[in-house]
Structure formats: C-alpha cells, structure tokens
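# Coordinate inspection notes
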Amino acid sequence: VQLQASGGGLVQAGGSLRLSCAVSGHTFSNYAMGWFRQAPGKEREFVATISRGGGNTYYAESVKGRFTISRDNAKNTVLLQMNSLKPEDTAVYYCAAVRTFLTGRYFGSADEYDDWGQGTQVTVSS
C-alpha cells in the first residue's frame, strides 16, 4: 500500500492544522492506521491510531484532548486534526498502515506497521 501525507506547515502556538494521508494500492478498509512523529534528535513516537472500522481510537497522552484521528473509508483517507498546537508538537509527521483482519484492533507501536508515508513537516512557533 502507498501512503501520501500532506497538510503540514508553519503555525503559531494555539493554532490548528489538519493532516491528511491518502492511501492507495490496496483495500483501505483492511488496514488500521496510525500517525507518528519525529522531532530533530529524537526517536519516532506514537501520536494516534484508528482501527480499520474507525470505531476505536487511541492517543498518546501528550496529544489527548487536542488531536483527533479519523478516517473516510470511501475516500481512502485518514485525517489528523490538530488543535491547540504547542511548540513541542514540532516534528515530521508520518502516517502508517497495518493490515489486520480484526475490525476493532488498533496498533500503538511503530514496529507493528508495515507501510509508511514520506512525512509532512509541522512547525509550531511560540
């Protein structure tokens, strides 16, 4: 499966951005999806995940209540709405996909994902 992330940019602290990840190549609804991020000099970290059916989501504590992950299986797209952004959210954001037979299963570890997009830069100024 191929993933194309977009929507990053420069925003002031307190602002919002919406990231989008377009998926092609296979049946999108067979995949659970996740967003990860990597700041300069840091390890890649988990941000959010959503099950293949869209009914289950899970967030990192650092973004809970500010970020929302969603998916549109008709448009083969997963979104990450980011509100109340902070300078510490600055990173390259990656979307990832993992094929699963379990409709409600989500995945919080990068090692569990099979396919990755190219990343989109998010910069939050103070």
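Everything in this summary refers to the structure shown in the same document. The structure presented is a predicted model; accordingly, all values stated were derived computationally and were not measured.

For the protein chain, the count of helices and strands is zero helices and eleven strands. In the protein chain, the order of α-helices and β-strands from amino to carboxyl end is β-β-β-β-β-β-β-β-β-β-β. What you see for the protein chain is a C-alpha radius of gyration of 13 Å, in line with the 14 Å of a compact globule of 126 residues. Each principal axis of the C-alpha atoms in the protein chain carries an extent, and together these give about 45 × 25 × 25 Å. Counting across all 126 residues of the protein chain, residues that qualify as buried make up 42%. Long-range pairs, those at least 24 residues apart, make up 59% of the contacts in the protein chain between residues at least 6 apart in sequence. Accessible area for the protein chain stands at about 6200 Å²; split by element, carbon and sulfur atoms hold 46% of it. The averaged location of the 10 negative side-chain charges in the protein chain is 6 Å from the averaged location of its 12 positive side-chain charges.

This part is about the packing of aromatic side chains. Applying the stated rule across the entire model yields seven aromatic pairs. With centroids separated by 5.0 Å and ring planes inclined at 55°, the aromatic side chains of Phe36 and Trp116 adopt a geometry described as tilted. Of this pair, Phe36 sits in strand β4 (residues 31-38) while Trp116 sits in strand β10 (residues 115-116), and the two are 80 residues apart along the sequence. By relative accessible area, which is 1% here, Phe36 ends up buried. Between Tyr58 and Tyr106, the aromatic rings sit 5.5 Å apart at their centres with planes inclined by 5°, giving stacked as the arrangement.

The next subject is the side chain of Arg71. Residue position: Arg71 is located in strand β7 (residues 67-72). The side chain of Arg71 is buried and forms no salt bridge, while Asp72, the nearest opposite charge, is found at 8.3 Å. In terms of polar contacts, Arg71 uses its side chain to reach the backbone carbonyl oxygen of Ser51, at 2.9 Å. Look past the residues within four positions of Arg71 in its chain and what remains in contact with it is Phe28, Ser29, Tyr31, Ala32, Met33, Ile50, Ser51, Arg52, Gly54, Thr77 and Val78.

So, how was this worked out
Residues numbered from 1 in each chain as written. Predicted model: local features only at pLDDT ≥ 70, side-chain atom pairs only at ≥ 80, totals over all residues. Heavy atoms only, no water. Helix = DSSP H or I, 4+ residues; strand = E, 2+ residues; numbered from the N terminus. Rg over C-alpha atoms; globule rule 2.2 N^0.38 Å. Buried < 20%, exposed > 50% of the residue type's maximum accessible area, 1.4 Å probe, protein only. Contact = heavy atoms within 4.5 Å. Areas by Shrake-Rupley, 256 points an atom, 1.4 Å probe, with all protein chains shown as cover. Lys, Arg positive; Asp, Glu negative; His and termini not counted. Charge placed at Lys NZ, Arg CZ, Asp CG, Glu CD. Phe/Tyr/Trp six-rings, centres within 6.5 Å; stacked < 30°, edge-to-face > 60°. Salt bridge = Lys/Arg side-chain N within 4 Å of Asp/Glu carboxyl O. Polar contact = N/O pair within 3.5 Å; in protein donor to acceptor, adjacent residues only side chain to side chain.

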